[in-house]
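A closer look at the structure
The residues making up each chain are set out below.
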Amino acid sequence: MTTPTPIRGYTASKDQLLARLRRIEGQVRGVEKMVDEDRYCIDVLTQISAVQAALEKVALGLLDGHARHCMHEGAAEGRADEMATEMMAAVGRLMKRG
């Protein structure tokens, strides 16, 4: 007997999420090519900034799905405080930069 795939906050938009991640992967390969071709530093940094912004957009979408789905389920199970603590820890990790 197989275990059913769990429903996550991003399940409904999983195809879009995967497509966005593939585009980001392409952007990262582009940055690698720029370095390999000895492109101007500022141009490389600009592309890195674009990759970071794209990843942050994915992260915000995941957080939104988590808040709307996972936390809702957790609250129904009496785990609201635990879920809020877990989400805030994840937000804290995302906000740590440089």
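The notes below deal with the structure included here. (Residues numbered from 1 in each chain as written. Predicted model: local features only at pLDDT ≥ 70, side-chain atom pairs only at ≥ 80, totals over all residues. Heavy atoms only, no water.)

All right, on to the packing of helix H1 (residues 14-36) against helix H2 (residues 41-76) then. Where H1 meets H2, the axes come as close as 10 Å, and the angle between the chain directions of the two elements is 165 degrees. Taken as axis vectors, H1 and H2 run roughly antiparallel relative to one another. Along this stretch, H1 crosses H2, giving a crossing that reads as left-handed. Residue-level contacts link Leu17, Arg20, Leu21, Ile24, Gln27, Val28, Val31, Met34 and Val35 of H1 to Asp43, Val44, Gln47, Ile48, Ala50, Val51, Ala54, Leu55, Lys57, Val58 and Leu62 of H2. Considering only residue class, the contact of H1 with H2 consists of 15 nonpolar, 2 polar and 3 charged. (Axes fitted to C-alpha atoms, helices over the stretch in contact; angles between N-to-C directions. Helix = DSSP H or I, 4+ residues; strand = E, 2+ residues; numbered from the N terminus. Parallel < 35°, antiparallel > 145°, perpendicular 65-115°, else oblique. Left-handed = near helix turned anticlockwise from the far one by under 90°. Contact = heavy atoms within 4.5 Å. Nonpolar A, V, L, I, M, F, W, Y, C, P; charged D, E, K, R; others polar.)

A word on a nonpolar patch on the surface. On the surface, Tyr40, Ile42, Leu45 and Ile48 cluster together into a nonpolar patch covering about 400 Å² of accessible area. Overall, isoleucine 42 belongs to the partly exposed group, its relative accessible area being 46%. (Patch = residues over 30% accessible without salt bridge, like charges linked within 9 Å, V, L, I, M, F, W, Y side chains within 5 Å. Areas by Shrake-Rupley, 256 points an atom, 1.4 Å probe, with all protein chains shown as cover. Salt bridge = Lys/Arg side-chain N within 4 Å of Asp/Glu carboxyl O. Buried < 20%, exposed > 50% of the residue type's maximum accessible area, 1.4 Å probe, protein only.)

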